[in-house]
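Letter by letter, the chains look like this.
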Amino acid sequence: SQAVANTCYNIAMYLKQQGEYKGALEHYRESLEIERKLNPDSLSVAAACTNLGALLENCLGDLDSALEYYQKALEIQKEHADQKSEASEHQLARSYLNVGGILYSKGDYEGALSHFMEAVELQERTVPKSLALADTYYCMALALRDNGDMEEALEKFQQSLEIHEKEAPESLVVSDMHANAAWILCQTGKLEKALFHNQKCLEIREKEAADPLTVADAHASVAWTLAKNGQSVQALFHFRKCLAIQEKEDPEAPEVASTLKSIGTILEALGQSEEAQEYYRRANDIS
């Protein structure tokens, strides 16, 4: 009965919260089997499949099984797409994202993109300028970037950034988007624009980041962009800022050795070979 299905679902939720994922999986499956017997193509079955997919993906790391459940949920929701309610279209978009996310994790960027595009089409119509849409643009941007479509990826990063900046201009999400946009711009030789985004990323992280190493990473990104643009003195300043943070956190970390070598390279470019050798020596002592 529906009451039994609901009870199994509630037990599964409790077990999941307690970290007992195998037990939660068993009860989610029991709930799903009951829902299937009651009405095999209902939205309740789709919801149960989504719950199972999320548990398998996020708690058990079983991407293949998660994908099967997400695809079943999507298949059912597509059959109900003619309902055209805001809730049903939201769930349909979510299912496209769930499938796309798994495909992206498995390296199937083309498959991921086709699902992300379906989600975008729904969200642009139902929730334009929303954070949900911004997040989907971001997913598309990552898939496009990893698929080698840099110009399109940059466009999607910027669309996502535009929405997020209106909602929370100094959030760490925005800093990550600046970093991603900067990386693409560097790859395509647009160093001045890349520098702008890297500096924005650094500015936000210096104010908001709880982890000092993310600030160090932002200094390093600014430094590399400056170095590629021939601004060695400014690059050296940011590499040294990066190094100071890294050494404070863990002076023997591999990242410290990498930064020491970078400083050595910049010093050599500036004609300061003796000092450069000292940094190389310190790097080798860590390596």
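Residues numbered from 1 in each chain as written. Predicted model: local features only at pLDDT ≥ 70, side-chain atom pairs only at ≥ 80, totals over all residues. Heavy atoms only, no water.

Quick word on the overall build of the protein chain
Within the protein chain, the secondary structure is distributed over 14 helices and 0 strands. Reading the protein chain from its N end, one meets helices and strands in the order α-α-α-α-α-α-α-α-α-α-α-α-α-α. Taking 287 residues into account, the globule formula puts the C-alpha radius of gyration at 19 Å, and the protein chain, at 24 Å, lies well above it. Oriented by its inertia axes, the alpha-carbon framework of the protein chain measures out at about 80 × 40 × 30 Å. Across the 287 residues of the protein chain, 44% fall into the buried class. Counting every atom, the protein chain has about 14600 Å² of accessible surface; 49% of that belongs to carbon and sulfur. Between the centroid of the 27 positive side chains of the protein chain and the centroid of its 47 negative side chains there is a distance of 1 Å. (Helix = DSSP H or I, 4+ residues; strand = E, 2+ residues; numbered from the N terminus. Rg over C-alpha atoms; globule rule 2.2 N^0.38 Å. Buried < 20%, exposed > 50% of the residue type's maximum accessible area, 1.4 Å probe, protein only. Areas by Shrake-Rupley, 256 points an atom, 1.4 Å probe, with all protein chains shown as cover. Lys, Arg positive; Asp, Glu negative; His and termini not counted. Charge placed at Lys NZ, Arg CZ, Asp CG, Glu CD.)

So, helix α11 (residues 212-228)
For α11, spanning 17 residues, the distance from its first C-alpha to its last is 25 Å, which sits close to the expected 24 Å at 1.5 Å a residue. Within α11, burial applies to V215, A216, A218, H219, A220, V222, A223, T225 and L226. Of the surrounding elements, those touching the buried residues of α11 are α9 (172-187), α10 (191-208) and α12 (232-249). The backbone nitrogen of L213 lies 3.0 Å from a side-chain oxygen of the residue at the head of α11, namely D211. Remark: G230 follows α11 within two positions and exhibits a positive phi of approximately 80°. (Expected span 1.5 Å × (residues − 1). Contact = heavy atoms within 4.5 Å. Polar contact = N/O pair within 3.5 Å; in protein donor to acceptor, adjacent residues only side chain to side chain.)

A word on the environment of E249
Position of E249 among the secondary structure elements: in helix α12. In this structure the C-alpha to C-alpha distance between E249 and G111, which are 138 residues apart in sequence, comes to 41 Å. Setting aside chain neighbours within four positions, we find E249 in contact with P212 and L213.

A word on the environment of Y109
Relative to the helices and strands, Y109 is located in helix α6 (residues 109-126). Not counting chain neighbours up to four residues away, the residues in contact with Y109 comprise Y104, A143, D146 and N147.

A word on α12
In this model, α12 (18 residues) spans 26 Å end to end at C-alpha, consistent with the 26 Å of a helix rising 1.5 Å per residue. Within the sequence span of α12, burial applies to S232, A235, L236, H238, F239, C242, L243, I245 and Q246. In the core, the buried residues of α12 are packed alongside α10, α11, α13 (254-269) and α14 (273-286).

Observations regarding the side chain of E89
With respect to the element layout, E89 can be found in helix α5 (residues 86-105). Here R125 takes part through its side chain, which lies 2.7 Å from a polar atom of the side chain of E89.

Concerning the pattern of salt bridges
In this structure the tally under the stated criterion is 13 salt bridges. The salt bridge involving K207 is made with E170; its shortest N-O contact spans 3.0 Å. Of this pair, K207 sits in helix α10 while E170 sits in the loop between α8 (150-167) and α9, placing them 37 residues apart in sequence. Take E170: its relative accessible area is 34%, and that puts it in the partly exposed class. Notably, a salt bridge pairs E247 with R282, separated by 2.9 Å at the nearest N-O pair. Here E247 is found in helix α12, whereas its partner R282 is found in helix α14, with 35 residues between them in sequence. (Salt bridge = Lys/Arg side-chain N within 4 Å of Asp/Glu carboxyl O.)

Considering the side chain of T50
One can find T50 in helix α3 (residues 43-58). In contact with T50, not counting residues within four places along its chain, are Y70, A73, S95 and N98.

Comments concerning the state of the cysteines
Applying the stated rule across the entire model yields 0 disulfides. Looking at C8, it has no disulfide partner, and the nearest cysteine sulfur is the one in C49, 15 Å off. (Disulfide = S-S within 2.5 Å.)

Thoughts on a negative patch on the surface
Residues D211, D217, E249, D250, E252 and E255 make up a contiguous surface patch of negative charge. Of note, E252 is situated in the loop between α12 and α13. (Patch = residues over 30% accessible without salt bridge, like charges linked within 9 Å, V, L, I, M, F, W, Y side chains within 5 Å.)

Examining the packing of α8 against α9
Helix-helix packing is described using two parameters, namely the angle between the two axes and the distance between the axes. Between α8 and α9, the least distance of the axes is 10 Å, while the angle of their chain directions is 155°. The pairing of α8 with α9 is recorded here as roughly antiparallel in orientation. Our pair here, α8 against α9, has a crossing hand that is left-handed. Only V173, V174, M177, H178, N180, A181, W183, I184 and L185 of α9 make contact with α8, whose side of the interface consists of M150, A153, L154, F157, S160, L161, H164 and E165. Class assignment for the residues of the contact of α8 with α9 results in 12 nonpolar, 4 polar and 1 charged. (Axes fitted to C-alpha atoms, helices over the stretch in contact; angles between N-to-C directions. Parallel < 35°, antiparallel > 145°, perpendicular 65-115°, else oblique. Left-handed = near helix turned anticlockwise from the far one by under 90°. Nonpolar A, V, L, I, M, F, W, Y, C, P; charged D, E, K, R; others polar.)

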